[in-house]
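Tertiary structure, described
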Amino acid sequence: MTNFAYHRPSSVRDALAALAEKGTRPIGGGTDLLPCIDDGLVQLSRVVDIRDLPGASEIALRADGSARIGAGARLADVAAHAGLREAFPLLTDAAASVGTPALRQMGTIGGNLGQRVRCWYFRRGVRCFKNGGGGCAAVAGEHEYHGIIPSGSCHAVHPSDPAVALDVLDARIEATRPDGTVRQLSVAELYAGAAANPTGEMTIADDELMTAIELPAAAAGGAQHWEKVMQRGAWDFALVSCAAARRTDSTVRMALGGLGLGPWRIASSVEEDVCSGGLDEESIDALAERAMYDAVPLERNGYKVEIARAVLRRAMRVLGPTA
Ligand SMILES: Cc1cc2nc3c(=O)[nH]c(=O)nc-3n(C[C@H](O)[C@H](O)[C@H](O)COP(=O)(O)OP(=O)(O)OC[C@H]3O[C@@H](n4cnc5c(N)ncnc54)[C@H](O)[C@@H]3O)c2cc1C
Ligand code: SF4
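Residues numbered from 1 in each chain as written. Chains lettered and ligands numbered in written order. Predicted model: local features only at pLDDT ≥ 70, side-chain atom pairs only at ≥ 80, totals over all residues.

Focus on the overall build of the protein chain
- Per the secondary structure count, the protein chain includes 13 helices and twelve strands.
- In terms of C-alpha radius of gyration, the protein chain reaches 19 Å, essentially the compact-globule figure of 20 Å for 323 residues.
- The principal-axis extents of the C-alpha atoms in the protein chain amount to approximately 60 × 55 × 35 Å.
- Scored against the burial criterion, the 323 residues of the protein chain give a buried share of 48%.
- Contacts in the protein chain between residues at least 24 apart in sequence constitute 64% of all its contacts with a sequence separation of at least 6. (Helix = DSSP H or I, 4+ residues; strand = E, 2+ residues; numbered from the N terminus. Rg over C-alpha atoms; globule rule 2.2 N^0.38 Å. Buried ≥ 20, exposed ≤ 12 C-beta atoms within 10 Å, placed from the backbone. Contact = placed C-beta atoms within 7 Å.)

Some details on the site of ligand 2
- In the region of ligand 2, 15 residues are neighbours, and C119, F122, C128, C136 and C154 sit closest.
- When the residues that make up the shell around ligand 2 are grouped by side-chain class, the tally is eleven nonpolar, three polar and one charged. (Near = placed C-beta within 6 Å. Nonpolar A, V, L, I, M, F, W, Y, C, P; charged D, E, K, R; others polar.)

Examining the domain arrangement of the protein chain
- On domain assignment, one finds that the protein chain holds domain 1 (55–218) and domain 2 (223–319).
- A C-alpha centroid distance of 19 Å is found between domain 1 and domain 2.
- Listed per partner, the contact involves 38 residues of domain 1 and 34 residues of domain 2.
- Elements with a contribution of two residues or more to the side of domain 1 that touches domain 2: α5 (89–96), α9 (161–168) and α10 (187–190).
- Considering only residue class, the side of domain 1 that touches domain 2 consists of 23 nonpolar, nine polar and six charged. (Domains from an automatic or database assignment.)

Details of the packing of helix α12 (residues 281–291) against helix α13 (residues 303–319)
- Packing of α12 against α13 leaves a shortest axis separation of 9 Å and a crossing angle of 130°. Viewed along their axes, α12 and α13 adopt a mutual orientation that is oblique. You can see that α12 and α13 cross each other, and the crossing is right-handed. Along its contact with α12, which presents I284, D285, L287, A288, E289 and A291, the element α13 presents R309, L312, R313, M316 and R317.
- Its residues assigned to classes, the contact of α12 with α13 shows six nonpolar, no polar and five charged. (Axes fitted to C-alpha atoms, helices over the stretch in contact; angles between N-to-C directions. Parallel < 35°, antiparallel > 145°, perpendicular 65-115°, else oblique. Left-handed = near helix turned anticlockwise from the far one by under 90°.)

Focus: unusual backbone geometry
- Unusually for a residue other than glycine, D170 sits at a positive phi of about 55°.
- Assignment of secondary structure puts D170 in the loop between α9 and β6 (172–176).
- Residue D170 is classed as partly exposed on the basis of its C-beta count, with 16 C-beta atoms lying within 10 Å.
- At S250, a position not held by glycine, the phi torsion is positive, near 75°.
- Of note, S250 is situated in the loop between β10 (240–246) and β11 (252–257).

So, the site of ligand 1
- Neighbouring ligand 1 are 29 residues, the closest being G28, G29, G99, G111 and G114.
- Here the shell around ligand 1 takes four residues from helix α7 (residues 109–114), the largest share from any one element.
- Split into classes, the residues belonging to the shell around ligand 1 amount to 13 nonpolar, 13 polar and three charged.

Overview of the packing of α5 against α9
- Running from amino to carboxyl end, α5 crosses α9 at an angle of 170°, the nearest separation of the two axes being 8 Å. In terms of orientation, α5 lies roughly antiparallel with respect to α9. Listed contacts from α9 to L90, L91, A94 and A95 of α5 are D161, P162, V164, A165, L166 and V168.
- Here the contact of α5 with α9 is built from residues that sort into nine nonpolar, no polar and one charged.

Considering the pairing of strand β8 (residues 209–215)
- Along β8, six of the seven residues are buried, which leaves the element largely enclosed by surrounding structure.
- Both strand β5 (residues 67–70) and β8 contribute to a ladder of four bridges, which runs antiparallel. Among the inter-strand pairings, I69 is bridged to a residue of β8, identified as I213.
- Bridge analysis of β6 against β8 gives five bridges, and the strand direction is antiparallel. Along β8, the bridge assignment pairs E174 with A212. (Pairing = 2+ DSSP bridges.)

Structural notes on the sheet that holds β11
- Across the sheet, four strands lie side by side as β9-β10-β11-β12; this open sheet has antiparallel pairing. One side of each edge strand has no neighbouring strand; the edge strands of this open sheet are β9 (223–229) and β12 (264–265).
- The pairing of β9 with β10 spans seven bridges and is classified as antiparallel. Across the sheet, the residue bridging to H225 is A244, located in β10.

Overview of α5
- For α5, the tally of buried residues reaches seven of eight residues, placing the bulk of the element in the interior.
- On its buried face, α5 sits against α3 (75–80), α4 (82–87), α9, β9 and β10.

Structure representation (structure tokens):
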């Protein structure tokens, strides 16, 4: 067991001052960070518990229909929140599908977005691009659960289910800088360059703190759909997941998880065709085919392309209107 100090700040300022010191990281439920420390995947001298910071675990719906979720809100509370369930069922369904009940009780939504890849080479300390070595052990090895949308040296997939829902809901991730100013990132910006980043997946810097997630009013309501395909049927990571929404203004957004190092947003031309409606089974098939055109599976994970097409077809039927 590695020794490290534990700090429970009472203000964001105090947390940021602590994070300014090298070897310090925020901790939510610790369900990923602690195993990473234990397995020597990260060396830390101190962790900063963000859960008691003012507003960290709050979930607030505003009168205009938008919502704010503190980064320290537990996944179980996100999943069970009645107001969120009514306005953003896509997110509550995705949160409810994470791991086990115990994980959802401990894990925070911020920590879920910040968790590291599950690639078994990385987790078992095999030297590769992501842990101080070069190359990717998975390409010529066991890669059944790896990605099919290559965008850099790493072929792992990001395990977060809520990230896929948040992408479709056009969520903004709020990061507070060391000087206390705030910036907001889309989910795509949060994971930009993740497959080419040797030290992590998020673009939030070590001395910044993810403080909240903002959901826009325009994403509330309409038709929302979540599906997660797992090998074991329950308590498992997604082989492929699909988040889809037809907004009240009838525009359509669709994204897939389990395929790359962050949610994979479907091409806008496909979304626009789904938006136009009047789709028969033949055009649904053609659109699902077109959506997966850029997939480049490895030798043993081509089955993910088939699953992705199938979940997209189901999402299109749910979003309707069909012919
Ligand atoms: C058996 C198992 C099954 C799982 N299944 C799923 C699944 O199906 N779907 C899924 O989505 N996940 C799954 N997970 C992952 C699990 O959901 C995550 O471990 C959990 O969500 C992480 O939350 P946490 O609060 O414990 O994060 P922590 O372990 O506390 O932190 C994780 C990372 O995020 C960083 N971090 C935390 N909070 C902040 C912040 N506010 N600002 C900046 N950085 C921060 C930490 O520094 C750390 O690097 C599974 C995990 C296990 C072990
Ligand atoms: S997929 Fe990524 S984490 Fe896994 S071996 Fe390849 S580079 Fe390393």
